[in-house]
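Understanding the architecture of this molecule
This is what each chain is made of:
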Amino acid sequence: MTQKQLTMFENCLRNEEKSGATVEKYMRDVRRFLAFLSESPKKRPSKEQTMAYKEYLAKRYAPASVNSMLTAMNRFLRFIGREDMCVKLLKIQRQMFCREERELTKEEYQRLVKAAKDTRLSYI
């Protein structure tokens, strides 16, 4: 994985009209992955190393952040023709209900209905 590949990947993202912030985030995440690989005793990149990277991230970041970083890494790996090294994202269980402290009290609910007055929204 060379600097030329990184530059080509960045150009590809820009040609796809990704926002500047998206391009910067993808590049930052890919560089983080490459730094992890460079610290590995194995010389040739492998699926085993990407799985170890996933585990490393999972211990340090929230699942949504890990998935964001893995998405950038997988996208880069596909770009350079190394689909064999891609990993699955973490499964994130969706919450059916919000936390209790985020629920409206009866008084807050009544205040909202009153603020809506006689609009259609107040009948909901």
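Use the structure listed above.
The rules behind the values
Residues numbered from 1 in each chain as written. Predicted model: local features only at pLDDT ≥ 70, side-chain atom pairs only at ≥ 80, totals over all residues. Heavy atoms only, no water. Helix = DSSP H or I, 4+ residues; strand = E, 2+ residues; numbered from the N terminus. Buried < 20%, exposed > 50% of the residue type's maximum accessible area, 1.4 Å probe, protein only. Areas by Shrake-Rupley, 256 points an atom, 1.4 Å probe, with all protein chains shown as cover. Disulfide = S-S within 2.5 Å. Patch = residues over 30% accessible without salt bridge, like charges linked within 9 Å, V, L, I, M, F, W, Y side chains within 5 Å. Salt bridge = Lys/Arg side-chain N within 4 Å of Asp/Glu carboxyl O. Polar contact = N/O pair within 3.5 Å; in protein donor to acceptor, adjacent residues only side chain to side chain. Contact = heavy atoms within 4.5 Å. Phe/Tyr/Trp six-rings, centres within 6.5 Å; stacked < 30°, edge-to-face > 60°.

A tally of helices and strands in the protein chain yields 6 helices and 0 strands. Along the protein chain, from the amino end to the carboxyl end, the secondary structure elements read α-α-α-α-α-α. With the principal axes as the frame, the protein chain shows a C-alpha extent of 70 × 35 × 20 Å. Taken over 124 residues, the protein chain has a buried fraction of 27%. Accessible area for the protein chain stands at about 9,700 Å²; split by element, carbon and sulfur atoms hold 52% of it.

The subject of this paragraph is the state of the cysteines. In the structure shown here, the tally under the stated rule is 0 disulfides. With no disulfide of its own, C12 lies closest to C86 among cysteine sulfurs, the gap being 14 Å. For C86, a relative accessible area of 9% gives the class buried.

Right, let's talk about a nonpolar patch on the surface for a bit. Residues L104, Y109 and L112 make up a contiguous nonpolar surface patch of about 330 Å² in total accessible area. By relative accessible area, which is 51% here, L104 ends up exposed.

For D29, the location among the structural elements is in helix α2 (residues 20-38). At a separation of 2.3 Å, a polar atom in the side chain of D29 contacts the side chain of K25. Polar contacts involving the side chain of D29 include one to the side chain of R32, which spans 3.3 Å. Contact partners of D29, with chain neighbours within four places excluded, come to Y53, S68, M69 and A72.

Let us look at the packing of aromatic side chains. Summed over all chains, the structure comprises 6 aromatic pairs. Here F36 and Y53 contribute two aromatic rings whose centre-to-centre distance is 5.1 Å and whose plane-to-plane angle is 55 degrees, an arrangement assigned as tilted. Highlighted residues: F36 in helix α2 and Y53 in helix α3 (residues 47-60), separated in sequence by 17 residues. Across this residue pair, the class does not change: F36 and Y53 are buried. Between F36 and Y56, the aromatic rings sit 5.3 Å apart at their centres with planes inclined by 40 degrees, giving tilted as the arrangement.

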